[in-house]
Amino acid sequence: MGNGKVYATVVLIRLIYAGMHILTKASFNEGTSTTVFVFYRHAVAAIFLLPFAFIEIRKKPAPPLNFKLSAKIFAHAFYGMAGTINLYCIGLKYASATSSSAIFNIVPVVAFILAVMFRMETLKLRSVHGLAKASGILLCVGGVIVLALYEGPELKSMNHHQLLQHHASAAAAHVHSKKEWALGIFLMTTSVVIWSFWTVKQGPLLLEYPSKLLNTTLQCVFASIQSFVIALVLERDFSRWKLAGAVSLASVLFTGIVVAAISYYLQIWVIEKKGPVFLSMSMPLSLVFTMAIASFLLGEDVSLGSIIGSVLLVAGLYNVLWGKSREEKQAANGRDGAGGDGDGDVERNAAAVQPADGETTEEEEEKKDRRDVDAAAKV
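Reading guide: rules and limits
- Residues numbered from 1 in each chain as written.
- Predicted model: local features only at pLDDT ≥ 70, side-chain atom pairs only at ≥ 80, totals over all residues.
- Heavy atoms only, no water.
- Phe/Tyr/Trp six-rings, centres within 6.5 Å; stacked < 30°, edge-to-face > 60°.
- Lys NZ or Arg CZ within 6 Å of the ring centre and 35° of its normal.
- Salt bridge = Lys/Arg side-chain N within 4 Å of Asp/Glu carboxyl O.
- Patch = residues over 30% accessible without salt bridge, like charges linked within 9 Å, V, L, I, M, F, W, Y side chains within 5 Å.
- Areas by Shrake-Rupley, 256 points an atom, 1.4 Å probe, with all protein chains shown as cover.
- Buried < 20%, exposed > 50% of the residue type's maximum accessible area, 1.4 Å probe, protein only.
- pLDDT = per-residue confidence, 0-100.
- Contact = heavy atoms within 4.5 Å.
- Axes fitted to C-alpha atoms, helices over the stretch in contact; angles between N-to-C directions.
- Helix = DSSP H or I, 4+ residues; strand = E, 2+ residues; numbered from the N terminus.
- Parallel < 35°, antiparallel > 145°, perpendicular 65-115°, else oblique.
- Left-handed = near helix turned anticlockwise from the far one by under 90°.
- Nonpolar A, V, L, I, M, F, W, Y, C, P; charged D, E, K, R; others polar.

Focus: the packing of aromatic side chains
Piece 1. Counting across every chain of the model gives twelve aromatic pairs.
Piece 2. An aromatic cluster is present here, built from Phe39, Tyr40, Phe228, Phe238 and Trp241 joined pairwise through their rings.
Piece 3. In this structure, Lys201 packs its charged tip against the face of Phe118, placed 5.1 Å from the ring centre.

The following block contains the structure:
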């Protein structure tokens, strides 16, 4: 029953991320500005989290927060949330929801590469697991290249009456040039790389400021301020600050509350139950859900290049995860073997200090001599 709950939660998480890709793309098709959308998304997340942060502070005092640490959290919010989400949204505007979901599969791979660069992980190319991880990295790079540069024949959507797309923007969604498509893939890949770096650096940050809830809330507040400034600079026409329609409003609320807050808690719960590898291995489900739902709701046509690129990305993800899992098993077996040898050494040392069969110690020889002397005296 417990496993059933975990599997159901994983499916829910992947459906949430599929909904994020689809609703965000639909809001851009509706005409919403990307920078304004990002500001509203972070503002909604901050407003949603602030009451919970106040409750947390009332239960126990918040960790001390000085200027240096505040500046560090501000910097993490800028490159990891405000900056990377803006890049991702601009890229998504030029590409498709399916390609966006496919690129998200490289998050664990990029995080692993960064961990190797920071010497938090190892890559031993002379071992089987090292070769598996290296081949996974190459497959992911190949998948991104195929997504960006190869289109191929299109598999037409079975649904010609898409539900989340206005007629005025329906044609515009399918006329992006190859340069715009490649730019979209490049921007989304860049955003995923930056976001992966942000996830790697969250560990050291949490050591300095250990409250996960307050840390997340502060970053959302800072990101909303930063996103406001970015939108103010890039979107001078204030008529564009109005959400284009109901789909855009639903997308802002969904990404701000469900994705930024609820899915975060669900992911932590799954990691505690099954570990991070189990959660990462479920990532291709988002791609499957996005591909199916986007075809129905957005009328997206899936090209052969998108399918090949997605397959390469998923294969690369599983190669890296398999290599990592095999490496951890070998390390665990090595520790067990070392422990066994240690026990053997203890037994051998214990045996060395005890007399062997047929032999006696000096004390026993002296006792035997005294008994012989006593016996002789009695006689």
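Quick notes on the pattern of salt bridges
It is possible for side chains bearing opposite charge to pair when their charged atoms get close.
Piece 1. Applying the stated criterion across every chain yields a total of five salt bridges.
Piece 2. Among the salt bridges present, the one from Glu56 reaches Lys60, with a minimum N-O distance of 3.9 Å.

Digging into a nonpolar patch on the surface
Piece 1. A cluster of nonpolar residues, Ile225, Phe228, Val229, Leu232, Val233, Leu234 and Phe238, forms a patch on the protein surface that exposes about 660 Å² of accessible area.
Piece 2. Accessibility expressed as a relative area gives 44% for Val229, which makes it partly exposed.

Concerning the confidence of the model for the chain
Piece 1. Here the chain shows a mean pLDDT of 80. Residues at 70 or above account for 82%.
Piece 2. For residues 341-366, every residue scores under 50 in pLDDT, and the model assigns this stretch four contacts once sequence neighbours within four places are set aside.
Piece 3. Overall, residues 368-379 carries pLDDT values under 50, and its contacts beyond four positions in sequence, including any with other chains, amount to zero contacts.

Section: the packing of helix 3 (residues 67-94) against helix 8 (residues 178-208)
Piece 1. Contact pair helix 3 / helix 8: the axes reach a minimum separation of 8 Å and the direction vectors enclose 160 degrees. With respect to each other, helix 3 and helix 8 are oriented roughly antiparallel. In this structure, helix 3 meets helix 8 at a crossing whose hand is left-handed.
Piece 2. The class makeup of the residues in the contact of helix 3 with helix 8 is 19 nonpolar, eight polar and four charged.

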